[in-house]
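Next come the chains, spelled out residue by residue.
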Amino acid sequence: MSSRVSHLLGGLAPSATLAVDAKAKAMKAAGEPVIGYGAGEPDFATPVHIVEAAAKACYDPVNYKYTPTAGLAELREAIVAKSMRDSGLSTTAGQVLVTNGGKHAVITACMTLLNPGDEVLIPAPYWTTYPEAVYLASGKSVAAMTEEANGFRVTVDVLERARTPKTKMLIFTSPSNPTGAVSRPDDVAAIGRWAAEHDIWVVSDEIYEHLTYGDAKSVSMPVVAPELGDRWVVVNGVAKTYAMTGWRIGWMIGAPDIMAAAVNYQSQTTSNIANISQRAAVAALNGDLSCVYEMREAFDRRRKIMTSMLNAIDGVSCAEPDGAFYCYPNVSGLFGRSLGGRVATNSAELAETLLEQIKVAVVPGEAFGTTEHFRLSYALGDDDLVEGLSRLAAFVAAG
Ligand SMILES: Cc1ncc(COP(=O)(O)O)c(C=O)c1O
C-alpha cells in the first residue's frame, strides 16, 4: 500500500533531541525520577525586564494585528545594533528577517539558497536539524567529519576533503552543538577565504555566540572573512542567550535579493512572528548583557563539574568544551560491557538502557553523525546535574 504521507515528509527524520526531551518529560510527568540531559534549553527563567516588556505589550492593541512579515521595525533595528555591538557585523534593517526561532531561520536560508541536488557541507558532529533542513530544501547534505583527537576542530582540510563541484553551501556554527568546540578566529577566517575562493555560500549560525568560556571567543565569519563578499547568511536568535527558548524569536541576515526571497517565502508560510515575542526580544537585545554573563557563569561552573564527573567514569572520556552548553563524551569504552544485565554495542542502545534502568536521558551520538558519543546538556540545575551523573557512575561501577 502506498504511504498516505508525502514522500518528502516520509523521508524526514524526527528531531532526536526533542524526542528524547519529550520522552523524559513524559516519564517525569508520570512520576518517574528522570534526570534529562536532552534538551538544549537553559533552566533559568527569562530575565524579568524582558518578561515585563512582553506583559506590557499584551495590553497594547497595536500588537493584536498583523505586522510586517519581516518583523517589527524596532526589532530589526535592535538586531542591526546588536550585530554591530556583539560581532562587528555591519548590516541594515532591510537585510533582517525575524523568524520563528533560529531553527526557522536555518530552514528559510536553505529554502532560499538551494536548488535540487546542490551539496551542502556540514561539519560533523553536527546539529541534528541541519541535514534535515537541507533535505527539505531539496539539497544534499554532505558531512565533513572532524576528528575527536583534534578537538572536533573544523579546518579547511576537513572541508576540502568533502568538497565537490556541486558544493553550493557550508553551514558553519561555532560554538558547536553538540561538541561545544569553539573555532579559533584564524580558522574561521581561513574557512571564509576558502569558501570565497570556491564560490561557496556560508550560512553562519551564531546562536551560541555569547556562550564561550575561558579564553575561547566566537567570531562571525562574514566579519573576519570579508572575502566572502555578500555570499553569506547569518542566523541567530534570543533562545540560548536570554533563556528564551519558548518565545520563538530568531533572525536571518543576508544580501537584499536573498532577503527579499526569504521574506516572500515567509509571507506565504507564517506571516509575521507573534508580536508579543517580538516586543520581548526588543527588550532583550536593547538591554545590556549582564543577565547573560550571570547565566554564563553558572554554565561555566556546570561545564567543569560535568566534564570532571564524566572523566571519572571508567570507559568514558570527555574533552572540556569551550562553548555552548553541551558535553560530548566518547562512551565507546562502555560498549560490549554488561551493564545492568544488558550489553550495548552503540550509543543509541546505551542511551536506551540508561533511560530505562537509571532514568537518565541523554541524546545518542547517532543524532549528530557519530556512534561513539552521547550529548549531555549542562543547562540544567546543579543538583540534577550531579545526581544524574552520580547515577551513571554508580551504574557503570556496578556493571
Ligand atoms: C546550533 C543551533 N542552531 C540553532 C538552534 C535553534 O534555536 P531556536 O530555534 O530555539 O532559536 C539551535 C537549538 O538547539 C542550535 O543548537
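1. Some words on unusual backbone geometry
Looking along the chain, the bond that leaves alanine 124 and enters proline 125 is cis, with omega of 0°. Along the chain, proline 125 turns up in the loop between β3 (119-124) and α6 (129-136). Note the cis peptide between serine 174 and proline 175, where omega equals 0°. Summarising the element assignment, proline 175 is placed in the loop between β5 (167-173) and α8 (185-197). Located in the positive-phi region is alanine 243, a residue other than glycine, with phi close to 50°. Even without a glycine there, the phi angle at alanine 324 is positive, about 60°. One can find alanine 324 in the loop between α12 (290-311) and β9 (326-327). The class for alanine 324 is buried, based on a relative accessible area of 0%.

2. As for the nonpolar core
Counting residues in hydrophobic clusters, the biggest one holds 47 residues, and the most contacted among them are Leu75 and Tyr242. With five residues, helix α11 (residues 275-286) is the single largest residue contributor to this core. Non-local contacts of tyrosine 242, meaning those with residues more than four positions away in its chain, are made with Thr46, Pro47, Ile50, Arg85, Ala284, Leu285, Leu289, Cys291, Val292 and Met295. Tyr326, Phe374, Tyr378 and Val396 belong to the second largest nonpolar core, which has 39 residues in total.

3. Concerning the side chain of threonine 353
You can see threonine 353 is positioned in helix α13 (residues 347-358). Other than its neighbours up to four places away in sequence, threonine 353 contacts Leu339, Arg342, Ile358 and Phe395.

4. Let's talk about the sheet that holds strand β6 (residues 201-205)
Hydrogen bonds between backbone atoms are what pair the strands of a sheet, whose relative direction is either parallel or antiparallel. Spatial strand order, β2-β8-β7-β6-β5-β3-β4: seven strands in an open sheet with mixed pairing. What marks the edges here is a single partner per strand, and that holds for β2 (96-99) and β4 (140-145). Direction aside, the axes of adjacent strands within the sheet are offset by 20° on average. Note: β2 against strand β8 (residues 250-254), four bridges, orientation antiparallel. Bridge pairing links valine 98 to tryptophan 251 in β8. Lying over the sheet, α6 contacts β3, β4, β5 and β6, oriented at roughly 175° with respect to β3.

5. Re the environment of alanine 196
Position of alanine 196 among the secondary structure elements: in helix α8. Relative accessible area serves as the criterion here: at 22%, alanine 196 is assigned to the partly exposed category. Spatially, the C-alpha atom of alanine 196 lies 15 Å from that of valine 120, the residues being 76 residues apart in sequence. Those residues in contact with alanine 196, other than ones at most four positions away along the chain, are Glu227 and Leu228.

6. Here we look at the pattern of salt bridges
Enumeration over the complete set of coordinates arrives at 19 salt bridges. A salt bridge links aspartate 300 to arginine 303; its shortest N-O distance comes to 2.8 Å. Note that aspartate 300 and arginine 303 are positioned in helix α12 at a spacing of three residues, about one turn of the helix. Each member of the pair, aspartate 300 as well as arginine 303, is classed as buried.

7. Looking at the sheet that holds strand β14 (residues 374-377)
The strand order β9-β14-β13 describes an open sheet built from three strands, whose pairing is antiparallel. Of all strands in the sheet, those bounded by a partner on one side alone are β9 and β13 (363-364). Here β9 pairs with β14 via two bridges, running antiparallel. Among the inter-strand pairings, tyrosine 326 is bridged to a residue of β14, identified as serine 377. Each of β13 and β14 touches α13; the most contacted strand, β14, lies at about 45° to it.

8. Some remarks on the domain arrangement of the protein chain
When its domains are assigned, the protein chain resolves into domain 1 (7-46 + 291-398) and domain 2 (48-286). Between the C-alpha centres of domain 1 and domain 2 there is a distance of 25 Å. Counting from both sides, the interface comprises 39 residues of domain 1 and, opposite them, 36 residues of domain 2. For the pairing of domain 1 and domain 2, the buried interface totals around 3,000 Å² over both sides, and the portion due to carbon and sulfur atoms is 60%. Contact with domain 2 buries surface across domain 1, with Thr46, Asp322 and Phe368 losing the most and accounting together for 21% of the total.

9. Notes on the site of the ligand
Lining the immediate environment of the ligand, one finds Gly101, Gly102, Lys103, Trp127, Tyr130, Asn177, Asp205, Ile207, Tyr208, Ala239, Lys240 and Arg248. Side-chain polar atom of asparagine 177 to an oxygen atom of the ligand: 2.7 Å apart, as the coordinates give it. For the ligand, the accessible surface in isolation is 400 Å², of which the surrounding protein chains cover 93%. Within the shell around the ligand, the residues separate by chemical class into five nonpolar, three polar and four charged.

10. Examining helix α14 (residues 382-398)
Helical geometry: 3.6 residues make up each α-helical turn, so side chains three or four residues apart lie on a common side. Its 17 residues give α14 an end-to-end C-alpha distance of 24 Å, which sits within 8% of 24 Å, the value for a rise of 1.5 Å per residue. Those residues of α14 that sit buried are Leu385, Gly388, Leu389, Arg391, Leu392, Phe395 and Val396. Taken around the axis of α14, the buried residues stretch over an arc of 150°, which confines them to a single face. Summarising the geometry of α14, the exposed residues directed more than 90 degrees from the buried face are Asp383, Ala397 and Ala398. Where the residues of α14 are buried, they touch β1 (35-36), α12, β10 (338-339), α13, β12 (360-361) and β14.

11. Quick notes on α11
Relative to the 16 Å expected for twelve residues at 1.5 Å per residue, α11 spans 16 Å between its end C-alpha atoms, a close match to the ideal helical length. Buried residues dominate α11, accounting for nine of its twelve residues. Within α11, burial applies to Asn275, Ser277, Gln278, Ala280, Ala281, Val282, Ala283, Ala284 and Leu285. Check the buried side of α11 and you find it contacts α3 (48-58), α4 (73-87), β2 and β8.

Reading guide: rules and limits
Residues numbered from 1 in each chain as written. Predicted model: local features only at pLDDT ≥ 70, side-chain atom pairs only at ≥ 80, totals over all residues. Heavy atoms only, no water. Helix = DSSP H or I, 4+ residues; strand = E, 2+ residues; numbered from the N terminus. Buried < 20%, exposed > 50% of the residue type's maximum accessible area, 1.4 Å probe, protein only. Core = buried A, V, L, I, M, F, W, Y, C linked by side-chain atoms within 4.5 Å. Contact = heavy atoms within 4.5 Å. Pairing = 2+ DSSP bridges. Axes fitted to C-alpha atoms, helices over the stretch in contact; angles between N-to-C directions. Salt bridge = Lys/Arg side-chain N within 4 Å of Asp/Glu carboxyl O. Domains from an automatic or database assignment. Buried area = accessible area lost by both parts, 1.4 Å probe. Near = heavy atom within 4 Å. Polar contact = N/O pair within 3.5 Å; in protein donor to acceptor, adjacent residues only side chain to side chain. Areas by Shrake-Rupley, 256 points an atom, 1.4 Å probe, with all protein chains shown as cover. Nonpolar A, V, L, I, M, F, W, Y, C, P; charged D, E, K, R; others polar. Expected span 1.5 Å × (residues − 1). Arc of directions from axis to C-beta.

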